[in-house]
Amino acid sequence: MSTWTLTGATTEYTVAARGDRLDLVTWGPIGVSDGPSPYDFHGRVQYMLPGDVAATEYLPDGLRPFLGADLSVAGQGLTWRLLSVTEDDGLTATLADDVTGIEVELRWRFAAGTDVLERWATVSNRGDETVEITRLGSAAFCVPTPAGATLHYLHGQWAQEFTTGSTTLVRGRFEIGSAQGVTGHQFSPYLAVDNGDAMYGFQLAWTGSWSITADVDAAGLTRVRAGRDGLVRLAPGSAVTTPIALGVYAGDDLARHWHAYEQALAGERLSTAGRVIYNSWEATTFDVTAAGQLALADVAAGLGVETFVVDDGWFVGRHDDTGGLGDWTPDPAKFPDGFDAFVAAIRGRGLEFGLWVEPEMVNPKSALYAAHPEWVYQDSGRPRSTIRNQYLLNLGLDEVYEFVRDTLDRLLTDYPIGYLKWDFNRPRTEADRSAADLDGAHVRNLYRLLDHLRAAHPSVIVEGCAAGGARADIAMAARTDVLWPSDNTAPLDRLRIQHGFLSAHAPHLMSSWVTDAPGMFDPRPRSLAFRFVLASAGVLGIGADIARWSAEEREQAAAWVARYKQVRDVILHGSVHRIGSPDQARCAVQYSLGDRVVVLAWNPAGLDGSGGVPARDVRLPLRDLPPNARYRRVGTRISTGAVAARPYPGLTGQDTGGHGGGFEASGRHLTSVGLPVRWTAVYDADLFELERL
Ligand code: DGJ
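This report concerns the structure included in the present document. (Residues numbered from 1 in each chain as written. Predicted model: local features only at pLDDT ≥ 70, side-chain atom pairs only at ≥ 80, totals over all residues. Heavy atoms only, no water.)

What follows is about a negative patch on the surface. Side chains of E374, D398, E399 and E402 sit close together on the surface and give a patch of like negative charge. Here D398 is to be found in helix α6 (residues 398-414). (Patch = residues over 30% accessible without salt bridge, like charges linked within 9 Å, V, L, I, M, F, W, Y side chains within 5 Å. Areas by Shrake-Rupley, 256 points an atom, 1.4 Å probe, with all protein chains shown as cover. Salt bridge = Lys/Arg side-chain N within 4 Å of Asp/Glu carboxyl O. Lys, Arg positive; Asp, Glu negative; His and termini not counted. Charge placed at Lys NZ, Arg CZ, Asp CG, Glu CD. Helix = DSSP H or I, 4+ residues; strand = E, 2+ residues; numbered from the N terminus.)

Below, the discussion takes up the nonpolar core. Core analysis: the largest hydrophobic core is formed by 197 residues, its most contacted members being W314 and W602. Considering every element that reaches this core, the biggest residue donor is helix α11 (residues 551-573), with eight residues. Apart from residues lying up to four places away in sequence, W314 is in contact with V288, W328, T329, P330, D331, F335, F339, L355, W356, V357 and L411. I579, A629, Y631 and W679 belong to the second largest nonpolar core, which has 20 residues in total. (Core = buried A, V, L, I, M, F, W, Y, C linked by side-chain atoms within 4.5 Å. Buried < 20%, exposed > 50% of the residue type's maximum accessible area, 1.4 Å probe, protein only. Contact = heavy atoms within 4.5 Å.)

The full set close to the ligand counts 13 residues, and D311, D312, K421, D423 and D487 are the nearest of them. A distance of 3.1 Å separates an oxygen atom of the ligand from a polar side-chain atom of W356. At 2.8 Å, a side-chain N or O of K421 approaches an oxygen atom of the ligand. Its residues assigned to classes, the shell around the ligand comprises five nonpolar, two polar and six charged. (Near = heavy atom within 4 Å. Polar contact = N/O pair within 3.5 Å; in protein donor to acceptor, adjacent residues only side chain to side chain. Nonpolar A, V, L, I, M, F, W, Y, C, P; charged D, E, K, R; others polar.)

Another point: α11. A rise of 1.5 Å per residue sets the reference length of α11, with its 23 residues, at 33 Å; its end C-alpha atoms lie 33 Å apart and thus fit the reference within 8%. The largest bend along α11 measures about 60 degrees and falls at V567. Where α11 is concerned, the buried positions are Q556, A557, W560, V561, R563, Y564, V567, R568, V570, I571 and L572. (Expected span 1.5 Å × (residues − 1). Bend = angle between axes of the 7 residues up to and from the residue.)

Our next topic: the sheet that holds strand β2 (residues 11-18). What holds strands together in a sheet is hydrogen bonding between their backbones, with the strands either parallel or antiparallel. Within the open sheet, the three strands sit side by side as β1-β2-β3. Their pairing is antiparallel. Unpaired on one side and paired on the other, β1 (3-7) and β3 (21-29) mark the two borders of the sheet. Sheet twist, expressed as the mean angle between neighbouring strand axes with direction ignored, is 20 degrees. (Pairing = 2+ DSSP bridges. Axes fitted to C-alpha atoms, helices over the stretch in contact; angles between N-to-C directions.)

In terms of residue burial, strand β14 (residues 199-205) counts as a mostly covered element, since seven of its seven residues are buried. Residues M199, G201, Q203 and A205 line one face of β14 and the alternating positions Y200, F202 and L204 line the opposite face, and both faces are buried. Two elements, strand β13 (residues 187-194) and β14, share five bridges in a ladder whose sense is antiparallel. Residue pairing for β14: Y190 is matched across the bridge by Q203.

The next subject is the pattern of salt bridges. If you walk through the whole model with that rule in mind, you get 43 salt bridges. R623 is paired through a salt bridge with D253; the nearest N and O atoms lie 2.8 Å apart. With R623 in the loop between β33 (618-620) and β34 (630-634) and D253 in the loop between β19 (244-249) and α1 (254-266), this pair connects stretches of sequence that are 370 residues apart. Overall, the relative accessible area of 25% leaves R623 in the partly exposed class. The network of salt bridges with shared partners includes D252, D253, R256, R623 and D624.

What follows concerns the sheet that holds strand β22 (residues 352-357). Ordered by their spatial adjacency, eight strands build an open sheet running β27-β26-β25-β22-β21-β20-β29-β28, and the pairing between neighbours is parallel. Among the strands making up the open sheet, the edge pair consists of β27 (482-483) and β28 (511-514). Where strand β20 (residues 277-279) lies against strand β21 (residues 307-310), three bridges are found, and the strand directions are parallel. Each bridged residue has a counterpart across the sheet, and for Y278 the counterpart in β21 is F308. Running over the sheet, helix α4 (residues 339-348) touches β21 and β22 and is turned about 130 degrees from β22. In the packing of helix α10 (residues 528-535) onto the sheet, contacts are made with β28 and β29 (539-542), and the angle to β28 comes to roughly 165 degrees.

What follows covers the packing of aromatic side chains. Throughout the structure, instances matching the rule amount to 29 aromatic pairs. Residues Y200 and Y249 carry aromatic rings whose centres are separated by 5.2 Å and whose planes lie at 85 degrees to one another, so their mutual orientation is edge-to-face. Residue Y200 is found in strand β14, and its partner Y249 is found in strand β19; the two are separated by 49 residues along the sequence. Per residue, the accessibility class of Y200 equals that of Y249, and both read buried. Following the ring pairs from residue to residue traces out a cluster consisting of W314, F315, W328, F335, F339, F342, F353, W356 and Y415. Sitting above the plane of the W484 ring, K421 keeps its charged end 5.6 Å from the centroid. (Phe/Tyr/Trp six-rings, centres within 6.5 Å; stacked < 30°, edge-to-face > 60°. Lys NZ or Arg CZ within 6 Å of the ring centre and 35° of its normal.)

Right under this line is the structure:
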């Protein structure tokens with residue numbers, strides 16, 4: 001039996017050839033293969049095939065007919081002959097079905113310096129007939145689950161993205177996915193499996209329709225399959241490469257592996273991440289005027305904002321969401337002195353200029369639609385649906401790709417734009433179902449465009465957005481600088497959304513705005529401090545109507561922006577440890593970079609009569625501090641902007657006081673007992689920077 005071991009930063013993955021099957025032998029910390037495989041099974045295979053039971057890497061339904069195959073072709077039950085296995089920067093294996101002439105090249109590779117295993121497949125048709133691939137998996141990953149599997153996933157809908165969910169599965173199939181031609185609001189292409197001993201994580205780097213399934217079998221194995229959803233037709237001589245599926249063995253801190261992977265994807269660009277932005281959407285919506293935006297820019301500059309982003313509403317025909325999309329020319333009525341002069345005026349205030357676009361879309365009420373109705377997706381002459389009054393352009397067409405590329409090139413060349421927010425506000429509905437690879441054509445051209453932007457306009461920061469977080473996945477993380485997780489900026493909801501986002505994605509990708517209280521979503525009051533600490537958990541932005549802010553609010557805001565700038569390298573480049581959750585009395589995030597530690601903490605709960613009754617401090621147990629090192633808080637507390645409660649009449653007893661906010665403690669104390677916080681009505685969130693003495 002030949003075996004091959006791939007080695008990542010701290011973990012290894014061993015596969016073996018068993019006849020024509022490639023089976024997983026071990027996956028875990030380096031050295032884990034020194035012992036009997038937890039994937040081998042004993043006993044007889046009854047009423048099914050060995051492929052239904054074995055921990056095999058990639059199987060068609062001729063070999064795994066009953067419990068879920070990774071590759072299915074209409075009208076054929078493919079089987080494999082193993083042709084070759086080669087070690088390169090990872091492992092490459094080729095397998096073939098002799099009847100159809102389908103050949104598959106499988107690839108495995110640990111992403112450099114990480115424990116994230118990248119896997120994908122190229123399926124080639126070397127036969128004479130077109131084949132219809134009905135299931136195109138990228139990979140299957142096996143997890144030993146002799147004691148059952150707990151699955152963790154991220155679900156939602158618009159305004160509720162990245163909600164964490166979990167379920168314990170004793171037997172059967174769990175499936176999440178999207179059939180919308182886009183990643184979608186409903187689920188993130190993310191799954192974690194906890195077998196009681198370790199966490200295993202999975203993601204799919206794909207921005208079209210997708211599916212992730214977990215099959216828990218009767219023999220103690222969970223098989224996670226990640227891949228595309230939807231039909232692909234493969235003509236003779238053609239091939240399709242699947243998206244990359246990622247798997248990681250994580251012990252107990254899965255999110256850190258994803259963050260390290262995404263930080264590596266960002267590479268050099270990470271050094272420019274985290275510029276503080278102002279975005280005008282919530283303040284002005286479609287009512288964009290030069291004067292209104294400049295009034296906001298005046299205040300933004302004073303707060304320490306670095307980039308001013310004009311959102312939707314700046315182009316001709318865009319007075320509301322019924323018109324304009326497709327006609328990407330600044331509206332002269334809104335910018336009477338010209339757009340050049342407007343952009344210069346923004347930049348003259350010391351701000352970089354940013355612009356919102358939604359270039360894959362068109363409104364029926366637009367010059368573009370009048371000129372090119374045939375660019376819109378349609379199913380054989382049937383009616384087309386509008387969503388948010390707009391159609392989706394078929395970006396898979398060369399002429400649409402060129403139109404979008406030229407539009408963006410023109411805007412980025414004509415004006416000194418440093419930041420582009422790329423939105424996408426509707427999924428695909430009707431489409432020509434006879435197309436060979438509908439999703440593939442659109443998604444690949446999207447990637448080509450994003451890659452083009454990086455090559456042709458390298459200094460432009462690109463924010464990915466899709467009606468909130470409907471296009472947030474690892475493939476987008478690889479091609480954009482930052483992602484907009486949700487339109488919901490209500491503090492308590494956002495706390496939950498961000499907590500979920502950080503399960504899968506790194507802080508440098510998490511765009512977050514301080515918005516007004518009451519805002520568009522939630523009237524429950526939270527202090528300005530709460531909202532600033534919350535938005536500081538990733539890339540800080542402000543989306544409030546700051547022209548209306550009082551002098552006191554502006555002063556506090558400027559202090560928070562300055563504080564963020566002092567610690568943003570720790571937040572964006574460090575490692576993350578989430579403490580508690582938004583549903584618990586304690587909720588915080590610790591960021592560590594070398595000796596530097598920053599903790600953002602919020603009170604998501606009530607006050608329970610705080611101050612009027614006996615209580616103990618909330619404690620936030622930190623991680624990874626040398627036990628004997630000593631720490632103290634640096635920097636002063638910024639006033640929170642919260643309103644104090646009226647004193648309750650006739651309370652007896654004495655306030656017994658306590659540590660009073662300042663403290664010094666050892667690493668051992670902070671990791672085992674925790675950082676103390678005492679929330680009150682006027683103190684509901686804070687940013688702690690700890691200094692090692
Ligand atoms: C949806 C986005 O998520 C919002 O941030 C905003 O850009 C609007 N679209 C504008 O139409």
